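Reading the structure
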Amino acid sequence: LAFLGLSSSFLTATSFHPSTQHRLAASSSDTTEPTMPVKISVSDTFDGGNIKFIRQRVNENDSRVIDVILHIKPDVYTELEKIGHMQYFSFRVSISGLEKDSFQPTQKVKYILENAEAVSYPDAWPRSTVCYSNNVEDVDSWKRNEDTFYMDGKLTWEHEHTKNGSVFFSYFPPYSYSRHLGLVSRCAEYANVESLGQSL
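The text that follows walks through the structure, step by step, so that each part is easy to find. Here the residue numbers are simple positions, counted from 1 along each chain's written sequence. Local features in a predicted model are, by the rule used here, given only for residues with pLDDT of at least 70; side-chain atom pairs are given and counted only at 80 or more, and totals for whole chains, interfaces and linings are based on all residues. For side-chain calculations, the full set of non-hydrogen atoms in the structure is used, while hydrogens and water are omitted.

Some thoughts on the side chain of Asn145
This is how the line gets drawn: Per the convention used, a helix needs a DSSP run of H or I reaching at least four residues, while a strand needs a run of E reaching at least two, with both numbered from the N terminus. Throughout this description, a polar contact denotes any pair of N or O atoms lying within 3.5 Å of each other; where both atoms belong to protein, one of them has to be capable of donating a hydrogen while the other can accept it, and for residues adjacent in sequence the pair is counted only when both atoms sit in side chains. When checking whether two residues touch, look at their non-hydrogen atoms; a contact exists if any pair is within 4.5 Å.
Summarising the element assignment, Asn145 is placed in strand β10 (residues 143-145). Within the local environment of Asn145, its side chain forms a polar contact with the backbone nitrogen of Asp147, the two atoms lying 2.8 Å apart. Discounting chain neighbours no more than four positions away, the residues touching Asn145 are Thr129, Val130, Tyr132, Trp157 and Glu158.

Describing the pattern of salt bridges
Formally: Definition used for salt bridges: Asp or Glu carboxyl oxygen within 4 Å of a side-chain nitrogen of Lys or Arg. In this scheme, a residue with accessible area under 20% of its type's maximum is buried, one over 50% is exposed, and one in between is partly exposed, where area comes from a 1.4 Å probe on protein chains only.
Summed over the entire model, instances satisfying the criterion amount to five salt bridges. Between Lys108 and Glu158 there is a salt bridge whose closest N-O contact spans 3.8 Å. Of this pair, Lys108 sits in strand β8 (residues 107-113) while Glu158 sits in strand β12 (residues 154-161), and the two are 50 residues apart along the sequence. The exposure class of Lys108 is partly exposed, given its relative accessible area of 32%. Owing to a relative accessible area of 35%, Glu158 belongs among the partly exposed residues under this scheme.

Considering the pairing of strand β7 (residues 90-96)
As a reminder, the rule being used: Any two strands with at least two DSSP bridges between them are considered paired.
With five of seven residues buried, β7 is to be regarded as a mostly interior element. As paired strands, β7 and strand β13 (residues 165-170) are joined by six bridges and run antiparallel to one another. Counted as the bridge partner of Ser94 is Ser166 from β13.

Quick word on the packing of aromatic side chains
Heads up, the rule is: Any pair of Phe, Tyr and Trp rings, taking the six-membered ring for Trp, is counted once the centres come within 6.5 Å. Such a pair is stacked with planes under 30 degrees apart, edge-to-face with planes over 60 apart, and tilted for the rest.
On inspection of all chains with the given rule, the structure shows 14 aromatic pairs. A centroid spacing of 5.6 Å and a plane angle of 35° characterise the contact between Phe91 and Phe169, whose relative ring orientation is tilted. With Phe91 in strand β7 and Phe169 in strand β13, this residue pair connects regions lying 78 residues apart in the sequence. When sorted by exposure, Phe91 lands in the same class as Phe169, which is buried. Here the aromatic cluster, defined as three or more aromatic residues joined through ring pairs, consists of Tyr88, Phe89, Phe91, Tyr111, Trp125, Trp157, Phe169, Tyr171 and Phe172.

Note that all results are geometric; they support no functional claim without further evidence.
Okay, here's the thing in structure tokens:
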């Protein structure tokens, strides 16, 4: 989980890991970045989550837009194929600092998957659309971002955050383990169910 907060006097970057915490600070004389009162956090700590936060910055073409740079994390290394496949991503973005009656009631964020060309099947990206939802558990709430682009090896899309809270983004809506168990339970009413082995 990581977030970057900017104020008029300090640039602070904070990243959190289950076992470590790092905090960096620089005075305003070390940076010329515009003020970003809105705080953004990125997390994949939920069932099916998969992303690595790299950094965020003010968009070079529009100072009102925040760029969030991300990497897709590889799957578990497989001895059979001698590779750690990488394609799927899913993460939660929490945003705070938006106020309806303030000078900044919304925040546009540009999400950039910086290592998209390094996945197992990069030909899947052209004409693909990132899925998003405010409720990861509601399977009918997912929508598609039609402004998803793959260019120069990066997958990008923009999202206008209109309120404080969380938004989930995903290559496709995650199929949670609880849904899997529910399917197995329903099937068990009509057939014999047995385990063939353990997955990675």
